[in-house]
Amino acid sequence: MTAAALVCAAAICAPAASAGTQNPTVVSPDAASMTGQDLRSQDLRSPDARDAADGIVPAQVRTPTAPQVEVVHEISSDGFEWGDAAIGAGVGLLLASGVAATLTARRRRAYRAAVS
């Protein structure tokens, strides 16, 4: 019991003890190698804004053109799809016959058990 309490106390205290030895200003090795001057000279503008400030103008600016429009002619229908109706009726009949077969098999099994 005492050994378990000792291990728990060590597990709780170890992360707290190692956290105190770190330098809070150093976040990563990359940040440690940078000086304060490097951080202040970072340009946060977009590349286009930097180019405009430096006087760099794009050589040629093309205006986008609209894509060709393809016209699709839809064939009108009466709104009822007989093929879809046939598929639905077939699936319904298949399910109904499956349910009927299952119920028939159960009744026969129950009758045989009662007779024996």
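Calculation notes
Residues numbered from 1 in each chain as written. Predicted model: local features only at pLDDT ≥ 70, side-chain atom pairs only at ≥ 80, totals over all residues. Heavy atoms only, no water. Helix = DSSP H or I, 4+ residues; strand = E, 2+ residues; numbered from the N terminus. Buried < 20%, exposed > 50% of the residue type's maximum accessible area, 1.4 Å probe, protein only. pLDDT = per-residue confidence, 0-100. Phe/Tyr/Trp six-rings, centres within 6.5 Å; stacked < 30°, edge-to-face > 60°. Salt bridge = Lys/Arg side-chain N within 4 Å of Asp/Glu carboxyl O. Patch = residues over 30% accessible without salt bridge, like charges linked within 9 Å, V, L, I, M, F, W, Y side chains within 5 Å. Areas by Shrake-Rupley, 256 points an atom, 1.4 Å probe, with all protein chains shown as cover.

K.L.:
Could you give an account of the overall build of the protein chain, with specific residues and numbers?
P.N.:
Counting secondary structure elements, the protein chain contains 5 helices and 0 strands. Order of helices (α) and strands (β) in the protein chain, N terminus to C terminus: α-α-α-α-α. Taking all 116 residues of the protein chain together, 0% fall into the buried category.

K.L.:
So what's going on with the confidence of the model for the protein chain? Which residues, and what values?
P.N.:
In the predicted model, the protein chain carries a mean pLDDT of 76, and the fraction of residues at 70 or more is 59%. The least confident element of the protein chain, judged by mean pLDDT, is helix 3 (residues 36–40) at 56; the most confident is helix 5 (residues 82–115) at 86.

K.L.:
Residue-level account of the packing of aromatic side chains, with values.
P.N.:
The description of an aromatic ring pair rests on the distance of the ring centres and on the angle between the ring planes. Following the criterion strictly, the structure yields 1 aromatic pair and no others. Taken together, a centroid distance of 4.7 Å and an interplanar angle of 75 degrees make the contact between Phe80 and Trp82 edge-to-face. Given a relative accessible area of 43%, Phe80 falls into the partly exposed group. Look at Trp82 and you get exposed, because its relative accessible area is 63%.

K.L.:
How would you summarise the pattern of salt bridges if you had to cite specific residues and measurements?
P.N.:
One pass over the full model with this rule turns up 2 salt bridges. Between Asp43 and Arg45 there is a salt bridge whose closest N-O contact spans 2.9 Å. Here Asp43 makes a salt bridge to Arg50, at a shortest N to O gap of 3.7 Å. Judged by relative accessible area, which is 34%, Asp43 ranks as partly exposed.

K.L.:
Break down helix 4 (residues 47–54) for me, citing the residues and quoting the values.
P.N.:
Little of helix 4 is tucked away, with 0 of its 8 residues classed as buried. Gly55, located one to two residues past helix 4, shows a positive phi value of around 85 degrees.

K.L.:
I'd love a proper account of a nonpolar patch on the surface, names of residues and values included.
P.N.:
Residues Ile87, Val91 and Leu95 make up a contiguous nonpolar surface patch of roughly 310 Å² in combined accessible area. Its location among the elements puts Leu95 in helix 5. Of the residues examined, Leu95 reaches a relative accessible area of 58% and is grouped as exposed.

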